Each structure stands twice: as C-alpha cells, then as structure tokens.
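A look at the structure
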Amino acid sequence: METPLFTMRYGIPLPPQGATAQREGCKQAEQALWRAYHETEKILASLPSSILIVNGEHQIIYANAVASHHFGFENCPLVGHSLFEVLPIPPDQWNRLTVDVPSSGSPAGHPLHDGEFETHKRVYQYRLFPVALYGADEAQTGLVISDITEQKQLQDQLIQAEKLSSIGTLVSGMAHEINNPMYGILAMAEIILEETDPEKIKEYAHDIVEYSKHVAAVVRSFACYARPASGDQKMEIDLNERLIEALKMVARNPQFGDIKVVKDFAALPPLWVRRSEIDQVFVNLISNAAQAMAGHGCLTLTTRLDTDRIAASVSDTGSGIPKANLTRIFDPFFTTKDPGVGTGLGLSIVFKIVSKYEGTVSVDSEEGKGATFTVHLPVMKLGRKEAHDGVP
Amino acid sequence: MECHRPRGRILMVEDEEQVRKPIRLNLTKAGYEVLEVSNGAEAIMVMEADADAVMIDTILCDIRMPRASGLEAITYFREHYPSVPIVVLTGYPDVELAASLMKQGVLDYLTKPVTREELLTVIERCVDQHGLFSTHQ
C-alpha cells in the first residue's frame, strides 16, 4: 500500500515521515500555503466591500484591495496608517462603538455595531467585528465598509414620496388657514375702496397687512415641510419648538376637531439634524394620534432629557393598537386605515429617519386605551458638531 | 348704499375674527344688525337664551369650527327654527356637502373668499324670503 506524502487533518498538511518525503512534503505544503494565501486574498479583493483590521492603537494592520481603491490609497499601502487619517470617523464615535465589541470570538450572537460616514461624495456604512489574530496579544477590530450611496438616495426618495402623500391630507388644513385671511384681505380692500374716513382706512389697511402676514407664514411653513430633505442642511434645532410646529401643521386640519392638547416639555439641549426630517417624524406621529382619536380626546406631547438622550412622546387617548399589530406597525405598507386614507409608509419612514440619527422609536399601546409613541434621539455634544457629520 | 332702512338681524356663526370683521362691517353698512358668535355651541346658546327676543332673519354659518361644528348647529336650527333661512359660508368647495346641506333646507352656499356683492345679494334674498314667510304666517 502506498503511503501518502502527507496526510490532511482539518485541511492542514501534517509533516510526512522520512527525509526525502519530508523535503517533498515541505515544498508541497509551502505551495499549498501560497495557494491558500492567494485564494484568500482574491476572495477578499473580490468582495464588494472594503475590509480593514485595526489594532488597539487604531493603526491599520490589514486592508483589502477594495479598501485602498475606495479611500484613494491605490499607490501607497494603507497598512500602517491611523484609521482616523483614512476615514472620517470621529474618534469618540469609534470609542463608543468599540467599547462593547467583544475582544475575541465570533461576532455571532453579538449585535454588530455600525455607523456611517461620508467621504469623496459617497456615503459608507461600516460594521465592526472582533478579530483574534494568531499570536497577537491585544484585541483587534475588523471593519466591513460598504458603499451605500445609492441606497441612501433611494431612501431619501422614499421619504420624500411619503411626505408628498401626507401633504394631500394637510392641504385641506392649509386651504382653511389661507382662505380665511384671504377673504379678510379681499373684503377689507373692498371696504377701503368706499371708505372716506382716513383713520378707518388706516385701520383696515393695518388689518390687511396682518392677514397677509398670516398667509405668508402658513405658506412658508408648508413650503418648508414639502421641500426634499436631501436639499436642506443639518442645523441646530430645538425639539420642543419643532413639536409645536408639527402640532400647528396637523391641528390646521378640520379633522383635528376638539382634541385637547397637553404639552409637558423639559428644557432640552439642541439637536443637530435636518429640520424637515424631524418635522416629518412628528407630523406623522401627531397625525396618527389625531386620526386615532377621530376629533375627540387628549393629545399629550412630552419631552424629557435622560442623560445623553432626548425622549419625545406623543400620546393619544384613541382606539389603541391591537396586540397582533404592534409588531407590524413599523413595516412598510402595513396599514389598518381605509384605502386612500393612508399609504402605510408613515411609521416606517418615522423609523427610518429616527434610525438615521442613531435614535430609536418605541410604542406602548393597549386596545381601547390609546397609544404612546416615544422617540429617543442622542443629544448633540456641544462644540462637537463634526462628530455628527458622519450621519448623512 | 341705496338702502338705508334697517333690513333685519343676522346671526353670524364664524370662528375667525379675520372673517367676522369684514362681514360685520359690510352687513352693518348695508343696514343689517349683526349678532356674532364664534361656534355652533354658542349659536345654540344664543338662540335658546331668548328665542322670541332674538328674532333672527338669517343665519350665516361656517361649517368647520371648534366646539359643535356648523353641521350640528344647522341640524339644530332646522329642527327648532325651520323658518329662519340659513346661509352656509365655507372654505371648502364640496359639491356633495353642498347638496346634502340643501336637502337639509339650507338656502344658499357661499365659498370663501366671497365678494361683498355676492354676500349682500344672498343675504338680501334670504332676509326678504324670511320677511315674506313671516308675513304669510
């Protein structure tokens, strides 16, 4: 029986017996190793994502070919550079994410930690995973980085489409809000035409100015809401103020009826966000609450500051959400409203926007006893606006 | 205006001062007496307080208002004061709503913004009709 040059155990060649056989075996083992190395490199290079491994000092110790291409390092090696020189990831965001990444073992069972950044006009998502390289004393962290620019654009389009559909229902409120002062303007002008008392003419002209300002303010708030989110820049906003604006927008609608509003606001630090997106979140939540109450009930808007997060709740005393639907309400196109009333996209968009700012949205409801939606958003660290510029 | 004699009493049910003020000015100038309330519940209260003394010739009523909408008030007026003409003033041109209001006995339907001429023509017609109706009774 012929003895094999080397036997395989778990895919690893074992040293063969005898001097000649050993020499021959070593050569073959070396070739097998090279082959394995090149194959691994090829696989890593063919991945549509960049892979980086960094050590405890944030130094890149491995980069696949895609990474060099993505981040403009085609002609010089990425290895050896500090991660922060290469990617616009703010160090404090990195430290926050890596603190929970287990130092070794498989990431299975651990939630992947991820974030986003923008560079060279492209948006990237990165996910972290723990790496335990053979012989290394310290823990390493791996990053898989994917280009999500197109996905982001699609998401922005979807957000805009949902907003346009909700504008349909807001328009009747706007018509009401504009029609009244418009009538006032027309009628006062007619009255002025026949009035001879200069004092009265002055008074009526003053009314016209006030009514016109009112129309202008309504048009401005709607135009601001309707504008595509991708067009406006992130800015410092006061969430309490945005809740009041969102409420005004929804309350204009005649269906708002006699709903009583309770505001319980805490003093809040500013948020660094796109204003129209935050408006969209709360216009959505408040309209849903109003619809659930069908013109009668109590709407409670609450804000709180829990250390580094802002919590904003929208509570209604409406029909509540059946238990069976609770897990599905954030799914796109899930709706219990009559055809033509809702697209089923509202809450899924709320979820998307809130997640984009590293926030969460939760619901607490019992059938017949109303519902409370709570949005948690991380507080902007003052003086560290750039820390949030990673969120496109 | 060509006519200076007191023409009648109008109950205006409208929540916005921006609308009430020009209507009040126009109707007063045209010789009408104007009673103003800002919602349906108040209108019902005024009518119930002293029905005989009020003697309204025409009710000019908005539809969408807080507290007892115009529709609720109109149903009440039709039931209790069937002879008083009602004119609806609304910001929502809605054919179906207009048709159902006419069926309820609403005499006319004005869409904001309305010109003074339209307003005065409609009010005059309603007040005249109420005068005729009262005379026949």
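Now for a description of the structure that goes with this document. Bear in mind that the values here come from a model prediction, so they are computed numbers and not experimental data.

Looking at the pairing of strand β2 (residues 32-37) of chain B
All names here are of chain B. The pairing of strand β1 (residues 8-13) with β2 spans 6 bridges and is parallel. From the neighbouring strand, G8 faces β2, where its bridge partner is Y32. Of the crossover connections in this fold, the one passing from β1 over helix α1 (residues 17-29) to the parallel β2 is right-handed.

Here we look at the sheet that holds strand β4 (residues 60-63) of chain A
All names here are of chain A. Spatially, 5 strands are ordered β4-β3-β7-β6-β5 in an open sheet, and the strand pairing comes out antiparallel. In this open sheet, the two strands that pair with only one neighbour each are β4 and β5 (113-119). Here the strands of the sheet are splayed against their neighbours by 25 degrees on average, with no regard to which way each runs. Taken together, the 7 bridges between β5 and strand β6 (residues 122-131) define a ladder with antiparallel strand orientation. Paired with F117 across the bridge in β6 is Y124.

Here's the deal with helix α7 (residues 239-251) of chain A
Residue and element names in this part refer to chain A. Here α7 contains 13 residues, and its C-alpha end-to-end distance of 18 Å stays within 8% of the 18 Å for a straight helix at 1.5 Å per residue. Turning to α7, its buried residues are L239, N240, R242, L243, A246, L247, M249 and V250. Looking at where α7 begins, the residue whose side-chain oxygen comes 3.0 Å from the main-chain nitrogen of N240 is D238.

So, the sheet that holds strand β11 (residues 298-306) of chain A
All names here are of chain A. Pairing is mixed in the open sheet, where 5 strands are placed in the order β9-β11-β12-β14-β13. Of all the strands in the sheet, just β9 (260-264) and β13 (360-365) have a single pairing partner and so form its edges. Going across the sheet, the axis of each strand differs from the next one's by a mean of 15 degrees, ignoring polarity. Sheet topology places β13 next to strand β14 (residues 371-378); 6 bridges connect them, and they run antiparallel.

Things to note about the nonpolar core
L239, F282, L285, I286 and L299 of chain A are the most contacted members of the largest nonpolar core, which totals 51 residues. Considering each element in turn, this core owes the most residues, 9 residues, to helix α8 (residues 275-293) of chain A. Setting aside residues no more than four positions away along its own chain, L239 of chain A makes contact with L268, L271, I278, F282, I310 and A312 of chain A. The next biggest cluster of nonpolar side chains, apart from the first, holds 24 residues, and it includes C61, I74, I86 and A98 of chain B.

Some details on the pattern of salt bridges
Here the structure, examined in full by the defined rule, presents 22 salt bridges over all chains. In this structure, E203 of chain A and K21 of chain B form a salt bridge, with 2.6 Å as the shortest nitrogen-oxygen distance. Residue E203 of chain A is located in helix α6 (residues 198-226), and its partner K21 of chain B is located in helix α1; the two belong to separate chains. The class for K21 of chain B is buried, based on a relative accessible area of 10%. Two residues, R304 of chain A and D264 of chain A, come together in a salt bridge whose shortest N-O distance is 2.8 Å. Of this pair, R304 of chain A sits in strand β11 while D264 of chain A is found in strand β9, placing the two residues 40 residues apart along the sequence. Through salt bridges with shared partners, a single network forms among E17, R20, R24 and E36 of chain B.

Re the interface of chain A and chain B
Chain A puts 21 residues into the contact, and the matching count from chain B is 23 residues. With both sides pooled, the region where chain A packs onto chain B buries about 2000 Å², and carbon together with sulfur makes up 53% of that total. On the chain A side of the interface with chain B, the three residues burying the most area are H176, N180 and Y183 of chain A, jointly 31% of the side's total. Put simply, chain A and chain B have 3 salt bridges between them. For the interface between chain A and chain B, the tally reads 6 residue pairs in polar contact (both at pLDDT 80 or more). For the side of chain A that touches chain B, the secondary structure elements donating two or more residues are α5 (149-194) and α6 of chain A. The greatest single-element share of the side of chain A that touches chain B, amounting to 14 residues, is contributed by α5 of chain A. Tallied by class, the residues present in the side of chain A that touches chain B amount to 10 nonpolar, 6 polar and 5 charged.

Criteria and thresholds
- Residues numbered from 1 in each chain as written.
- Chains lettered and ligands numbered in written order.
- Predicted model: local features only at pLDDT ≥ 70, side-chain atom pairs only at ≥ 80, totals over all residues.
- Heavy atoms only, no water.
- Pairing = 2+ DSSP bridges.
- Helix = DSSP H or I, 4+ residues; strand = E, 2+ residues; numbered from the N terminus.
- Right-handed = clockwise from strand over helix to strand, strands pointing away.
- Axes fitted to C-alpha atoms, helices over the stretch in contact; angles between N-to-C directions.
- Expected span 1.5 Å × (residues − 1).
- Buried < 20%, exposed > 50% of the residue type's maximum accessible area, 1.4 Å probe, protein only.
- Polar contact = N/O pair within 3.5 Å; in protein donor to acceptor, adjacent residues only side chain to side chain.
- Core = buried A, V, L, I, M, F, W, Y, C linked by side-chain atoms within 4.5 Å.
- Contact = heavy atoms within 4.5 Å.
- Salt bridge = Lys/Arg side-chain N within 4 Å of Asp/Glu carboxyl O.
- Buried area = accessible area lost by both parts, 1.4 Å probe.
- Nonpolar A, V, L, I, M, F, W, Y, C, P; charged D, E, K, R; others polar.

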